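Each chain, written out:
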Amino acid sequence: VRVDHMTLALSRTFKSTMVDTIQSLPQHQQIVLCSMVKLFRGTKKDTTVGELNKSYIDLSKSAQIPPVGFLEFSNMCRVLSDQRKLTNPRLFGRQGIFKMGQSRDDRSKRVTLKVDESDIMFALQERIKVFPRHLMLQLSIPS
């Protein structure tokens, strides 16, 4: 029995609606979440949509996945901000997966992650085929 066997058994036993939600997101939205995890390592709590877009482009290119343009990226951020789990509205409260502030310029809007980084990492561990191993290693928090 290896660690990956135990991880799979535990994930099936203690299924999280948050993990299910993240796994059901389209690939580019998952990359946006990975970008947030990468940016928020350490003490940083929020960033701008412009900074998040730069991180998203870098991660997409490193995974050899063509990034979307800024308009589509901005729309994905709005979707993630509005994302709610219909079966459990208390999971997100009034916010989505992350909170997006208001500004006239989309690039200047502040974004804050509203879910635990470990849930994102756990949800995407099973997606190694979608996210190459080197991409997941970039996101792993050093011990």
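Not measured: the values here are computed from a predicted model.

Digging into the packing of helix α3 (residues 27-39) against helix α5 (residues 70-82)
The contact between α3 and α5 brings their axes to 10 Å, and the two run at 80°. As summarised for this structure, α3 and α5 are arranged roughly perpendicular, according to the angle between their axes. Of α5, the residues touching α3 (which contributes H28, Q29, V32 and L33) are F73, M76, V79 and L80. Tallied by class, the residues present in the contact of α3 with α5 amount to six nonpolar, two polar and no charged.

As for the confidence of the model for the protein chain
Summary statistics for the protein chain give a mean pLDDT of 79 and a share of 76% for residues scoring 70 or more. Taken element by element, the protein chain is modelled with least confidence in helix α7 (residues 133-139), mean pLDDT 56, and with most confidence in helix α4 (residues 49-62), mean pLDDT 94.

A few points about the pattern of salt bridges
Inspection of the entire model under this criterion finds three salt bridges. In this structure, the salt-bridge partner of D46 is R110, at a minimum N-O distance of 2.9 Å. With D46 in strand β1 (residues 46-48) and R110 in strand β3 (residues 110-113), this pair connects stretches of sequence that are 64 residues apart. Here R110 falls in the partly exposed class, since its relative accessible area comes to 37%. Put simply, R78 and D106 hold a salt bridge, and the shortest N to O gap is 3.0 Å. With R78 in helix α5 and D106 in the loop between β2 (98-100) and β3, this pair connects stretches of sequence that are 28 residues apart. By relative accessible area, D106 is classed as buried at 18%.

Cut-offs used in this document
Residues numbered from 1 in each chain as written. Predicted model: local features only at pLDDT ≥ 70, side-chain atom pairs only at ≥ 80, totals over all residues. Heavy atoms only, no water. Axes fitted to C-alpha atoms, helices over the stretch in contact; angles between N-to-C directions. Helix = DSSP H or I, 4+ residues; strand = E, 2+ residues; numbered from the N terminus. Parallel < 35°, antiparallel > 145°, perpendicular 65-115°, else oblique. Contact = heavy atoms within 4.5 Å. Nonpolar A, V, L, I, M, F, W, Y, C, P; charged D, E, K, R; others polar. pLDDT = per-residue confidence, 0-100. Salt bridge = Lys/Arg side-chain N within 4 Å of Asp/Glu carboxyl O. Buried < 20%, exposed > 50% of the residue type's maximum accessible area, 1.4 Å probe, protein only.

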